[in-house]
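Structural features, examined
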Amino acid sequence: MADKLAKLDLGGKSLEYNVLEGSTGPDVIDIRKLYAQTGAFTFDPGFTSTASCESALTYIDGDEGVLLHRGYPIGQLAENSSFMEVSYLLLNGELPSKDDLDDFTYTITRHTMLHEQLMTFYRGFRRDAHPMAIMCGVVGALSAFYHDSTDISDPEHRKISSHRLIAKMPTIAAMAYKYSVGQPFVYPDNNLSYTGNFLRMTFGVPAEEYVVNPIVEKAMDQIFIVHADHEQNASTSTVRLAGSSGANPFACIAAGIACLWGPAHGGANEAALNMLREIGTPDRIPHYIERAKDKNDPFRLMGFGHRVYKNYDPRATVIQGMVRDVLGSLGINDPVFEVALQLEEMALNDPYFIEKKLFPNVDFYSGVILSAIGFPTTMFTALFALARTVGWVAQWNEMISDPGQKIGRPRQLYTGPTQRDYIPLDRR
Ligand code: SDX
């Protein structure tokens with residue numbers, strides 16, 4: 001029996017619903033029997049007050065700007081861990097021993113190649129296809145190549161599908177970039193780290209040896225860490241809903257990639273750098289801040305605001321700190337960074353942004369680093385998808401392995417015409 005109860009008076013009935021407590025964070029009101037008992041639905045478009053599931057993966061405190069993966073703060077993971085280790089942590093719940101980490105890394109490394117026939121998928125795209133269009137298509141197509149592991153009720157099938165997805169995303173993303181610039185695909189090199197291998201597949205060419213820059217490798221790995229998972233965001237919820245029907249994991253991740261592409265979500269990193277470049281110089285910032293505040297202007301500050309964070313996004317803090325190190329180490333003086341710093345400063349001192357609690361999010365500074373490393377803005381969201389795949393896969397596994405899991409099927413508030421009879425054409 002729950003200690004806490006929520007009371008509801010509706011339709012002359014007085015009902016009580018259990019209030020469930022998590023290990024931390026907001027309680028939830030268990031309304032699973034509400035419709036059966038009252039004939040009424042709850043109404044929450046955008047799910048601003050709805051917990052869609054129970055999860056033990058990631059916790060966000062939006063007011064305090066806290067992000068924990070299996071209890072570990074994102075700042076500590078970004079500073080001390082690696083993307084492979086964070087991937088293991090998200091999938092398995094605990095930090096790995098050295099042997100476990102070595103075994104996991106060995107397994108992932110040996111799933112990085114793509115079936116050779118997938119090369120033909122790329123050749124069907126225009127060279128100027130957006131990398132996210134390619135990612136959606138190629139990841140969904142993986143379903144056609146792995147009939148040996150699509151029984152989602154089999155934990156071993158789920159495990160190898162998860163490993164294949166995590167391992168092949170860097171190869172798929174790198175190939176999307178190579179195809180866009182007309183360079184030959186570069187095969188994986190098992191002697192390199194997960195992130196070093198990705199950099200070589202992206203920027204290496206057959207004509208000469210590619211030497212991984214350790215500063216860039218570390219920065220890229222940290223970028224992957226801060227993008228790995230983020231509770232029940234739009235694309236993760238898409239993956240969960242797709243998975244709830246029993247769809248295979250490759251199709252579910254392709255659905256997540258499609259959702260992430262939107263500029264209100266993962267597409268914001270590309271939009272944010274384009275915005276900073278359009279602003280160009282600090283003297284133009286006030287004009288754009290006024291546009292962002294104008295209700296009649298659809299323009300928003302890209303990389304600002306968040307459904308959950310009403311404080312600084314801790315990932316933005318990590319990335320902002322990295323920008324100075326990476327640009328300094330690479331000897332790059334990108335004026336866009338100065339525009340970003342001054343835009344942040346002016347916005348955070350503007351009553352509109354203060355009142356609405358709008359702060360920089362993960363997408364505000366990430367583009368500055370990605371651009372410094374050499375990626376075109378069109379690749380930014382593909383890199384977000386690459387990193388978020390481990391979160392999507394971990395969340396999908398958590399859902400599918402829940403014995404109480406059932407298909408997600410929301411209802412609605414219907415405001416259309418009530419029943420009426422068909423009118424023959426000659427009488428209209
Ligand atoms: C990601 O959910 C996640 O966890 C996502 C993510 C992840 O890791 O998965 O963190 C990744 O998607 C980060 C967010 C990237 N998107 C952007 O940077 C795009 C710009 N931001 C906005 O579109 C917006 O802030 C959202 C979409 C991020 C959040 O929107 P909400 O929660 O629906 O809030 P809202 O649109 O209702 O905004 C509240 C108010 C509104 O004004 P009022 O109607 O109350 O007068 O704040 C205003 C908005 O107009 N507002 C902004 C603004 N963001 C919100 N005004 C100007 N510029 C902005 N960026």
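Structure: see above.
Quick notes on the site of the ligand
Near the ligand, the surroundings consist of 24 residues, among which His230, Leu301, His306, Arg307 and Arg315 are the closest. Contact distances for the ligand include 2.7 Å between an oxygen atom and a side-chain N or O atom of arginine 307. Relative to its free-state accessible area of 1000 Å², the ligand is covered by the protein chains to the extent of 78%. Here the shell around the ligand is composed, by residue class, of 10 nonpolar, 7 polar and 7 charged.

Examining unusual backbone geometry
Unusually for a residue other than glycine, arginine 70 sits at a positive phi of about 50°. The topology assignment puts arginine 70 in the loop between strand S5 (66-69) and strand S6 (72-73). A relative accessible area of 25% places arginine 70 in the partly exposed class. Phi at glutamate 231 is positive, roughly 60°, even though this residue is not glycine.

As for the packing of helix H12 (residues 268-279) against helix H18 (residues 380-400)
Between H12 and H18, the shortest axis-to-axis distance is 7 Å and the interhelical angle comes to 150°. As the angle between them shows, H12 and H18 are arranged roughly antiparallel. Two packed elements cross with a definite hand, and for H12 against H18 that hand is right-handed. Of H18, the residues touching H12 (which contributes Asn269, Glu270 and Leu273) are Phe380, Thr381 and Phe384.

Rules and cut-offs
Residues numbered from 1 in each chain as written. Predicted model: local features only at pLDDT ≥ 70, side-chain atom pairs only at ≥ 80, totals over all residues. Heavy atoms only, no water. Near = heavy atom within 4 Å. Polar contact = N/O pair within 3.5 Å; in protein donor to acceptor, adjacent residues only side chain to side chain. Areas by Shrake-Rupley, 256 points an atom, 1.4 Å probe, with all protein chains shown as cover. Nonpolar A, V, L, I, M, F, W, Y, C, P; charged D, E, K, R; others polar. Helix = DSSP H or I, 4+ residues; strand = E, 2+ residues; numbered from the N terminus. Buried < 20%, exposed > 50% of the residue type's maximum accessible area, 1.4 Å probe, protein only. Axes fitted to C-alpha atoms, helices over the stretch in contact; angles between N-to-C directions. Parallel < 35°, antiparallel > 145°, perpendicular 65-115°, else oblique. Left-handed = near helix turned anticlockwise from the far one by under 90°. Contact = heavy atoms within 4.5 Å.

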